[in-house]
Amino acid sequence: MSTRTLLRSALYILWGVILVWGVVFANNSIYPIISTKYVHVHPYVNDIFSDAVLLFVALMPIIWAPRFFGYQLGAIANHWKMLLGMTVFLVGAPLLYRLIAGDTPFGANTWFFEGVVVPIAEEGLMRGILLSMLLWGFGRLYNPTTANRLTILFSALISSAAHLNNLGDYPTGFILFQVGYSTILGFAFGYTRIKTESIYPAIILHALFNLAGTV
């Protein structure tokens, strides 16, 4: 392996990590300014404002390189049984949680925010941009199986850790719980992204999970 290949791979991986944290930080800094300036707007518009930076960055690949970032149907039809099983689990788990523990702190959010804005913004950023860049970087360093495993692992850990930005806005105990289950979801969504070669299942599964936990 040449030094140039190693360097390019490392830069791709590092850039993916920096980009995620940079976008999350920018979004948290800009939203308070936007929400203060535009106070009287429709709740759905405010929902978009709250994740405006994430949405902007996450949707850029659709124009730039959609296939590279998973915006294609890929092999979804070949894995419908797996996706159906995941759907049952990801809808049933939050419903069971609500039956045991009651409403979640996100219950006050709108269905539009939890079912549309968040899945598109987070999956576009995490399973679209981050995962694709990690996969490209690890793919130049390791065989496909190892590259896939490392990509799923690191993308899941990075995306779950990004939820720590909610500290201060919601109870600390729940945020730590959120980081835990986000790690599990990160593995599941990353696996479906690589297996189906498409980002759409991750977006839909994320939306169903959120809606089951809030609506």
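Refer to the structure printed above.
In this report, the structure presented in the accompanying data block is examined. (Residues numbered from 1 in each chain as written. Predicted model: local features only at pLDDT ≥ 70, side-chain atom pairs only at ≥ 80, totals over all residues. Heavy atoms only, no water.)

1. Details of the overall build of the protein chain
Looking only at helices and strands, one finds eight helices and zero strands in the protein chain. Counted from the first residue to the last, the protein chain has its helices and strands arranged as α-α-α-α-α-α-α-α. Over its C-alpha atoms the protein chain spans a radius of gyration of 17 Å, differing by no more than 12% from the 17 Å that the globule rule assigns to 215 residues. The proportion of buried residues among the 215 residues of the protein chain is 45%. If you take every contact in the protein chain between residues at least 6 apart in sequence, the share linking residues at least 24 apart comes to 80%. (Helix = DSSP H or I, 4+ residues; strand = E, 2+ residues; numbered from the N terminus. Rg over C-alpha atoms; globule rule 2.2 N^0.38 Å. Buried < 20%, exposed > 50% of the residue type's maximum accessible area, 1.4 Å probe, protein only. Contact = heavy atoms within 4.5 Å.)

2. Remarks on the nonpolar core
Among the nonpolar cores identified, the biggest contains 28 residues, and Val 23, Leu 125 and Ile 129 are the most heavily contacted of them. Among the secondary structure elements, those contributing two or more residues to this core are α1 (3–37), α3 (52–64), α5 (111–139) and α6 (144–161). Of all the elements, α5 adds the most residues to this core, at 12 residues. Those residues in contact with Leu 125 that sit more than four places away from it in its chain are Val 20, Val 23, Leu 54, Val 57, Ala 58 and Leu 130. By size, the runner-up hydrophobic cluster in this structure holds 12 residues, among which are Leu 90, Phe 106, Phe 174 and Tyr 181. (Core = buried A, V, L, I, M, F, W, Y, C linked by side-chain atoms within 4.5 Å.)

3. Concerning helix α2 (residues 43–50)
Those residues of α2 that fall on the buried side of the exposure criterion are Asp 47, Phe 49 and Ser 50. Viewed along the axis of α2, the buried residues span an arc of 160°, placing them on a single side of the element. Buried positions along α2 lie against α1, α3 and α5. (Arc of directions from axis to C-beta.)

4. Some details on the packing of aromatic side chains
Evaluated as defined, the whole model comprises 11 aromatic pairs. The interplanar angle of 85° and the centroid separation of 6.0 Å between the aromatic rings of Trp 111 and Phe 112 together place this pair among those described as edge-to-face. Classification of Phe 112 as buried rests on a relative accessible area of 17%. (Phe/Tyr/Trp six-rings, centres within 6.5 Å; stacked < 30°, edge-to-face > 60°.)

5. Remarks on α1
Its 35 residues place the ends of α1 50 Å apart at the C-alpha level, agreeing with the 51 Å of an ideal helix rising 1.5 Å per residue. Remark: the principal bend of α1, roughly 25°, maps to Ile 30, with a proline, Pro 32, within the next four residues. Within the sequence span of α1, burial applies to Ser 9, Ile 13, Gly 16, Leu 19, Val 20, Val 23, Val 24, Asn 27 and Ile 34. The inward-facing, buried residues of α1 abut α2, α3, α5 and α6. (Expected span 1.5 Å × (residues − 1). Bend = angle between axes of the 7 residues up to and from the residue.)

6. Examining the pattern of salt bridges
As enumerated under the stated definition, the model contains one salt bridge in all. Of the charged contacts in the structure, one is a salt bridge between Arg 127 and Glu 123, with a shortest N-O distance of 2.7 Å. Residue Arg 127 and its partner Glu 123 are located together in helix α5, separated by four residues, close to a single helical turn. By relative accessible area, which is 0% here, Glu 123 ends up buried. (Salt bridge = Lys/Arg side-chain N within 4 Å of Asp/Glu carboxyl O.)

7. Here's the deal with the environment of Tyr 181
Along the chain, the position of Tyr 181 falls in helix α7 (residues 172–196). Remark: the alpha-carbon pair of Tyr 181 and Gly 128, spanning 53 residues in sequence, is separated by 20 Å.

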